[in-house]
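Here is what each chain is made of, one letter per residue.
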Amino acid sequence: MTFPTATAPASPGTVPAAPAPRVRHRADLQGLRGVAVLLVVVFHVWTEKVSGGVDVFFVLSAFLLTGSFLRRIEHGRPLGLPAYWARTFARLLGPVAVMLLAVLAAMLAVFPPSRWAELLSQAWGSLFYVVNWVLAAQAVDYYAGNTAATTPLQHMWSLSVQGQVFLVWPLLLAGAAWAGRRTGAGVRPVAWAVFGAVFAGSLAWSVAATASGPEAAYFSTLTRLWEFALGSLTALALTRPARRQDSTAPAAPPSAARTAAPPPAGTAPGTPQRGLRTPPQAPRTLPQVVGAPPQAPRTLPQVVGTPPQASGVAPEALRVGLGVLLGWTGLAAILATPFLIGPEARFPGTVALAPTLGAAAVLAGGALAPEARAGAGRVLSLAPLQWFGDRAYGIYLWHWPLLITYLLVTARDSVPVTHGLGILAASVALTRATALLLAGWRALPGIRAGHGVRLAATGLIVAVPLTGAHSYTTLRDPAAGVERTAANYPGAAVLRGDVTEVPDVPIIPTGAEREQQWGDTGTRCDTGEVPPGIGELGNCWVIAPEDGSAPDRTLVVLGDSHAQQLLTPIHRAADAQGWRVVSYLRMACRYTAASASPDEECGEFNAAARDAALAADPDAVVTIGTLSLPEAPHEQLVEGYEDGVRPFLDAGIPVLGFRDNPRFSFSMFACVETYGPDHDRCNPPRSESLLPVNPLEALAARHEELHSIDLTDRLCTEDVCPGVIGNIQVYMDLDHVTSAYGETLAPDVEQRMTETLGWA
């Protein structure tokens, strides 16, 4: 299947530009695509490692795009950028549209309503090729959790980055051509300077941004531009300048530019650019698309210009030997990347140099030694790799939504080998089913509209259902009309034995309310009351008697988000008892000794919080003394906790160490919405949630002023730790107790605090 051939008419009185020269087929490029997509799928489905396959795609796409535009510029052919953009995105958006509609259907059918808003925002971002920025914003927000890593559209970040590059790169090349003409230097020296600057600047930013914020940096376009620049520099290094036959020929009119635009080289990850060898009579045959039937030609434009056989620089044997060495070294670097990147490695940064330089080396090796029997190109030309390379775009597009939906539906945390192969097979089948759409609907019967019209129509086909789904999810409120009373929502009162019958009403909080469940912290401290080091690194909150009277007691709460969630029942106890409560909180920074804190800033904050608490001379200090874990041993003392509370004990200040709540390996909130509150997955055994004995008890026994408070009997039954108790979701994610459930814990917290401290 090929696009129809069209020849643009020359403008009257102009000299037609010379047709692009024939280029040699390079099967190794298609095989490299096959290797890259297999790495992506294998390491996505069966591991949690970064494969580096996407980075290979980045280098390869810029390599092809740059070579294509360079040939056109140097042969005096018009660039036709609007036509190029319309054709490229019309081709790419067809399969994406089908995938987005499939994800939308899956969202409404099987995904929990709590995730609908998130998925819709990512669908809109995917449609407009900006979802990488959506994911980056979610990743840097502590309260957003790990949602970017478990959505069926996460993989679209790389397609969005490439879509943005497809807009910018032609402009850079057109600007280089213009500057080269104005200065007389030619396009190549200017292009070298432009892409060299992009490479250096982006790589430096990638290193800095990855070190300071790896989650956001992973999805950022700015931290990835150097990978594309490397592909462009490789194309500049490996292609020979072409002599333009008529440098005075003016640009073709818009009508000619539409058909004379260069093929969309360097398309989305894995998109093969196969094309017919162009005869002089029909120089504008467009490239073939993914999933073409077997009878279609299998030629691939060669961007690399093979050096002359008789080189004046090095003997033939040296050239071939260097090519073989580069090819195998590059392929080895690509294959080794996922095994070299450990869980602590921050990607991209300098770590991404392994797959990208490896890809550049493979490209160089194939150019220097294209026919070498011992070269890596022989392996890359094998039929299986060619087969996967042909289907790489579709496989990449479909494998991730299928994988995430499979994990959700089966409630699994891992994929058996046979099931993973089934996901791959389904990806191939869907690739074949959507292959015609890579022509931008042009290959479908009766569709003869221009690229721009088809692009707009494709966008509308997705935008209309997304708009409807957005309206539906905004208006949907299953708990509307149900009175929020203690009788309807008893929560922990069920475990206290105060309630024996629970009414059949919708569970709360709803997905729309989930982000407001972080705890009732009171009001922010006045600027003058914030101790040194607290405001810069964390937050200061205060709860005071509502009538303005002098407090009977003063408490200081120290810790992270788990201490913050505890403030809801403490707030109710403070209101009842007339206490003043000051809290010093930093997210992901549990209170402990500064030296035992997980990072430097957390240590600085804990030291500042310790000094502020001592200066306040409170009646008691409240902390979280244990740390729950999603896997065995499920629970442990906070590292360095004894040293952290020792200054208070030495000062005679009582310390209340609360036992942490259970922590799961999955979102309990999503589990309940997906499977219902009675599903076994949403009711894990108590023995797999916490230790049989609170590890804080032994430590408290050694210190008279250290007291342990355990709320496990209000979070778990004797057998299980449910996701829903008394019609209230206990957890808002995998480890944070909802403020709604915390309200129902208030009687228990007040009683146990006052009895423990002797304030009853």
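Note that the structure is predicted; figures quoted are calculated from it, not measured.

Side note on the state of the cysteines
Note on terminology: a disulfide is the covalent bond linking the sulfur atoms of two cysteines.
Stage number 1. The final tally for this structure, using the stated rule, is four disulfides.
Stage number 2. Sulfur-sulfur distance for the disulfide between cysteine 589 and cysteine 602 comes to 2.0 Å. Negative torsions about the S-S bond denote left-handed disulfides, and the value of about 90° found for cysteine 589 with cysteine 602 makes this one right-handed. Note that cysteine 589 is positioned in the loop between strand E4 (579-585) and helix H21 (600-616) and cysteine 602 in helix H21, a separation of 13 residues in sequence. Cysteine 602 matches cysteine 589 in its accessibility class, with the two residues each being buried.
Stage number 3. Across a sulfur-sulfur distance of 2.0 Å, cysteine 716 and cysteine 721 are joined as a disulfide pair. In this structure the cystine formed by cysteine 716 and cysteine 721 twists about its S-S bond by roughly 95°; its chirality is therefore right-handed.

Quick look at the pattern of salt bridges
Stage number 1. For the structure on display, the rule yields 25 salt bridges.
Stage number 2. Note that arginine 663 is salt-bridged to aspartate 660, the shortest N-O span being 3.8 Å. Here arginine 663 and aspartate 660 have matching classes, each one buried.

Regarding the packing of helix H15 (residues 392-410) against helix H16 (residues 417-433)
Stage number 1. The N-to-C vectors of H15 and H16 enclose an angle of 135°; their axes lie 8 Å apart at closest approach. Between H15 and H16, the interaxial angle falls into the category oblique. Of the two possible hands of crossing, H15 and H16 adopt the one that is right-handed. Residues Gly394, Ile395, Trp398, His399, Leu402, Leu403 and Tyr406 of H15 lie in contact with H16, whose contacting residues are His419, Ile423, Leu424, Ala426, Ser427, Val428, Leu430 and Thr431.
Stage number 2. Its residues assigned to classes, the contact of H15 with H16 comprises ten nonpolar, five polar and no charged.

Looking at the sheet that holds strand E8 (residues 655-658)
The strands making up a sheet associate through hydrogen bonds between their backbones, and the pairing can be parallel or antiparallel.
Stage number 1. As summarised here, the arrangement of the seven strands in space is E1-E2-E4-E3-E5-E8-E9, forming an open sheet in which the pairing is mixed. Each of the sheet's edge strands pairs with one partner strand only, and the pair in question is strand E1 (523-524) and strand E9 (706-709).
Stage number 2. Against the sheet, helix H20 (residues 561-577) contacts strand E2 (539-543), strand E3 (553-559), E4, strand E5 (620-624) and E8, and its axis sits at roughly 170° relative to E4.

Quick notes on the environment of phenylalanine 166
Stage number 1. Tracing the backbone shows phenylalanine 166 in helix H6 (residues 156-183).
Stage number 2. Of the residues examined, phenylalanine 166 reaches a relative accessible area of 2% and is grouped as buried.
Stage number 3. Along the sequence, phenylalanine 166 and phenylalanine 89 sit 77 residues apart, while their C-alpha atoms lie 9.1 Å from each other.

As for unusual backbone geometry
Stage number 1. Here isoleucine 508 and proline 509 are connected by a cis peptide whose omega angle stands at -5°.
Stage number 2. Take proline 509: it is sitting in the loop between helix H18 (493-496) and E1.
Stage number 3. The residue after alanine 632, namely proline 633, is reached through a cis peptide bond having omega 10°.
Stage number 4. Of note in this structure, tyrosine 129 is not a glycine but carries a positive phi near 60°.

Points about a nonpolar patch on the surface
Stage number 1. Together, Phe128, Val130, Trp133, Trp205 and Leu222 give the surface a local cluster of nonpolar side chains, amounting to about 520 Å² of exposed area.
Stage number 2. Judged by its relative accessible area of 37%, tryptophan 133 is partly exposed.

Here we look at the packing of aromatic side chains
Stage number 1. For the structure on display, the rule yields 20 aromatic pairs.
Stage number 2. Residues phenylalanine 43 and phenylalanine 339 carry aromatic rings whose centres are separated by 5.5 Å and whose planes lie at 80° to one another, so their mutual orientation is edge-to-face. Of this pair, phenylalanine 43 sits in helix H1 (residues 27-46) while phenylalanine 339 sits in helix H11 (residues 316-340), placing them 296 residues apart in sequence.
Stage number 3. Relative to tyrosine 84, the ring of phenylalanine 69 has its centre 5.2 Å away and its plane inclined at 85°; by these criteria the two rings are edge-to-face. Taken as a pair, phenylalanine 69 in helix H2 (residues 53-74) and tyrosine 84 in helix H3 (residues 81-110) lie far apart in primary sequence, 15 residues in all. Each member of the pair, phenylalanine 69 as well as tyrosine 84, carries the same accessibility label: buried.
Stage number 4. The side chain of arginine 224 reaches across the aromatic face of tyrosine 218, ending 4.7 Å from its centre.
Stage number 5. The residue whose ring lies beneath arginine 514 is phenylalanine 669, and the NZ or CZ to ring-centre distance is 5.0 Å.

A closer look at the environment of tyrosine 129
Stage number 1. With respect to the helices and strands, tyrosine 129 occurs in the loop between helix H4 (116-127) and helix H5 (131-140).
Stage number 2. Taking the C-alpha atoms as reference points, tyrosine 129 and valine 161, separated by 32 residues in sequence, lie 7.2 Å from one another.
Stage number 3. Non-local contacts of tyrosine 129, meaning those with residues more than four positions away in its chain, are made with Phe89, Leu92, Leu93, Val96, Leu159, Ser160, Gly163 and Gln164.

Section: H20
Stage number 1. Helix length check: H20, at 17 residues, gives a terminal C-alpha distance of 24 Å against a target of 24 Å (1.5 Å per residue), a fit within 8%.
Stage number 2. Largest kink in H20: about 40°, centred on threonine 568, with the proline proline 569 one to four residues after it.
Stage number 3. For H20, a buried count of 13 out of 17 residues is recorded, marking the element as mostly surrounded by other parts of the structure.
Stage number 4. Regarding H20, its N-cap is aspartate 560, as a side-chain oxygen of that residue lies 3.1 Å from the backbone nitrogen of histidine 562 further along.
Stage number 5. The first or second residue beyond H20 is glycine 578, which carries a positive phi of 75°.

Details of the environment of valine 542
Stage number 1. Secondary-structure assignment places valine 542 in strand E2.
Stage number 2. Apart from the residues within four sequence positions on either side, valine 542 is in contact with Thr521, Gly522, Thr523, Arg524, Cys525, Arg580, Val581 and Val582.

Description of the side chain of histidine 703
Stage number 1. Relative to the helices and strands, histidine 703 resides in the loop between helix H24 (696-701) and E9.
Stage number 2. Separated by 2.7 Å, the side chains of histidine 703 and glutamate 642 make a polar contact.
Stage number 3. Every residue in contact with histidine 703, bar those within four places of it in the chain, is listed here: Glu642, Arg646 and Leu649.

Looking at the pairing of E9
Stage number 1. Both faces of E9 are covered, namely the face carrying Leu706 and Ser708 and the face carrying His707 and Ile709.
Stage number 2. Bridge analysis of E8 against E9 gives four bridges, and the strand direction is parallel. What sits directly across from valine 655, in E9, is leucine 706.

Description of the pairing of E8
Stage number 1. The alternating pattern of E8 places Val655 and Gly657 and Leu656 and Phe658 on opposite faces, both of which are buried.
Stage number 2. As defined by bridge partners, E5 adjoins E8 across four bridges and the pair is classed as parallel. In the sheet register, valine 622 faces E8, and the bridge partner there is leucine 656.

Structural notes on the confidence of the model for the protein chain
Stage number 1. Here the protein chain shows a mean pLDDT of 84. Residues at 70 or above account for 83%.
Stage number 2. A low-confidence stretch, residues 140-149 (pLDDT under 50), is modelled with 18 contacts involving residues beyond four sequence positions or located in other chains.
Stage number 3. In the predicted structure, residues 245-313 sits below a pLDDT of 50 and forms 206 contacts with residues beyond four places in sequence or in another chain.

Cut-offs and rules
Residues numbered from 1 in each chain as written. Predicted model: local features only at pLDDT ≥ 70, side-chain atom pairs only at ≥ 80, totals over all residues. Heavy atoms only, no water. Disulfide = S-S within 2.5 Å. Helix = DSSP H or I, 4+ residues; strand = E, 2+ residues; numbered from the N terminus. Buried < 20%, exposed > 50% of the residue type's maximum accessible area, 1.4 Å probe, protein only. Salt bridge = Lys/Arg side-chain N within 4 Å of Asp/Glu carboxyl O. Axes fitted to C-alpha atoms, helices over the stretch in contact; angles between N-to-C directions. Parallel < 35°, antiparallel > 145°, perpendicular 65-115°, else oblique. Left-handed = near helix turned anticlockwise from the far one by under 90°. Contact = heavy atoms within 4.5 Å. Nonpolar A, V, L, I, M, F, W, Y, C, P; charged D, E, K, R; others polar. Pairing = 2+ DSSP bridges. Patch = residues over 30% accessible without salt bridge, like charges linked within 9 Å, V, L, I, M, F, W, Y side chains within 5 Å. Areas by Shrake-Rupley, 256 points an atom, 1.4 Å probe, with all protein chains shown as cover. Phe/Tyr/Trp six-rings, centres within 6.5 Å; stacked < 30°, edge-to-face > 60°. Lys NZ or Arg CZ within 6 Å of the ring centre and 35° of its normal. Expected span 1.5 Å × (residues − 1). Bend = angle between axes of the 7 residues up to and from the residue. Polar contact = N/O pair within 3.5 Å; in protein donor to acceptor, adjacent residues only side chain to side chain. pLDDT = per-residue confidence, 0-100.

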